[in-house]
Amino acid sequence: MPLRRTLVALAAAFCAAPALAQVETYTIDSKHTFPSFEISHLGFSTQRGRFNGTTGKIMLDPTAKTGSVDVTIDAASIDTGLEALEKHMRNEDFFNVGKFPTITFKGNRMRFEGDRLVAVDGDFTMLGVTKPVTLKVDHFRCAMHPLAKKQACGADASTVIRRSEFGMTKYPAPILGEEVKIAIQIEAIRD
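So, how was this worked out
Residues numbered from 1 in each chain as written. Predicted model: local features only at pLDDT ≥ 70, side-chain atom pairs only at ≥ 80, totals over all residues. Heavy atoms only, no water. Patch = residues over 30% accessible without salt bridge, like charges linked within 9 Å, V, L, I, M, F, W, Y side chains within 5 Å. Areas by Shrake-Rupley, 256 points an atom, 1.4 Å probe, with all protein chains shown as cover. Salt bridge = Lys/Arg side-chain N within 4 Å of Asp/Glu carboxyl O. Helix = DSSP H or I, 4+ residues; strand = E, 2+ residues; numbered from the N terminus. pLDDT = per-residue confidence, 0-100. Contact = heavy atoms within 4.5 Å. 1 Å grid on protein atoms, 1.4 Å probe; cavity = no way out; pocket = protein on both sides within 12 Å on 5 of 7 lines; lining within 4 Å. Points joined across faces, edges and corners; volume = space filled by probe spheres on them. Nonpolar A, V, L, I, M, F, W, Y, C, P; charged D, E, K, R; others polar.

Peer 1: Would you explain a nonpolar patch on the surface in this entry?
Peer 2: Taken together, the side chains of Leu42, Phe44 and Ile175 define a hydrophobic patch exposed on the protein surface, amounting to about 330 Å² of accessible area. Counting through the fold element by element, leucine 42 comes out in the loop between strand E2 (36–41) and strand E3 (45–51).

See below:
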């Protein structure tokens, strides 16, 4: 009798296994995802810019509250609203896009409070330097996208980095702030 119960339990577990694996894959919507940054300029004002080219994938298992985030930013797509400044920021003084064409975030640990995603831990790479960062998630929502007619997820996430830790040391403080706030509003559609 114990063998029969064991076999029944194994069969039940085997049949239930597919239900447990609910990993969903989402593709970042590049038309609605624009990473941005803020930095102090001479202590007088906060200068802002964004990147217009972003791609990536999100894996999410809402039942297990696990997943991953893979975001690739085209560094040359920087947009400040001033063409001369953008040209300067693409050169060796800042993003050095000829040598380092992308900026990436690879999140490998999602943190939830109940059903709400509150943070993603991962690695941020800029100028060939990789450092661990945590993206704080202020807003997170998954629902049916009314236009795409597919499941979609969106979030507002942010972190603060020290630019010198990534080798961006031109124009030290107080000319430009050491701390840079990075914000990513992200939308992704389920594959």
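Resuming the write-up.
Peer 1: Is there a simple way to explain the confidence of the model for the protein in this structure?
Peer 2: Low pLDDT marks regions whose predicted coordinates should not be analysed in detail. With 89% of its residues at a pLDDT of 70 or more, the protein has an overall mean of 91. Below pLDDT 50 for its whole length, residues 6–19 participates in zero contacts with residues either more than four positions away or in separate chains.

Peer 1: I keep staring at empty space enclosed by the protein and nothing clicks. Help me out?
Peer 2: Empty pockets left among the atoms are what a rolling probe the size of a water molecule brings to light. Per the stated rule, a full pass over the model turns up one cavity of 30 Å³ or more. Approximately 200 Å³ is the volume found for the largest cavity. Lining the largest cavity are 18 residues; nearest its centre among them are Ile58, Val69, Leu117, Ala155 and Ile186. Elements supplying a minimum of two residues to the lining of the largest cavity: strand E4 (54–61), strand E5 (66–74), strand E7 (102–113), strand E8 (116–126), strand E9 (129–144), strand E10 (151–162) and strand E11 (179–190). Take the lining of the largest cavity: its biggest share by element is four residues, from E10. The residue inventory of the lining of the largest cavity, partitioned by class, reads 17 nonpolar, one polar and no charged.

Peer 1: Looking at this model, I keep getting lost on the layout of surface pockets. Mind explaining?
Peer 2: The calculated volume of the largest pocket comes to roughly 470 Å³. Around the largest pocket, the lining comprises 26 residues; the ones closest to its centre are Phe37, Ile39, Met89, Phe94 and Phe95. Broken down by secondary-structure element, the contributors of at least two residues to the lining of the largest pocket are E2, E3, helix H2 (83–90), E8 and E11. In terms of residues, the lining of the largest pocket owes the most to one element, E2, which gives four residues. Empty space within the second largest pocket amounts to approximately 240 Å³. The wall of the second largest pocket is formed by 16 residues, among which Arg141, Ala152, Cys153, Gly154 and Glu187 lie closest to the centre. At the level of elements, E9, E10 and E11 are the ones that each hand at least two residues to the lining of the second largest pocket. Grouping the amino acids of the lining of the second largest pocket by side-chain chemistry returns eight nonpolar, five polar and three charged.

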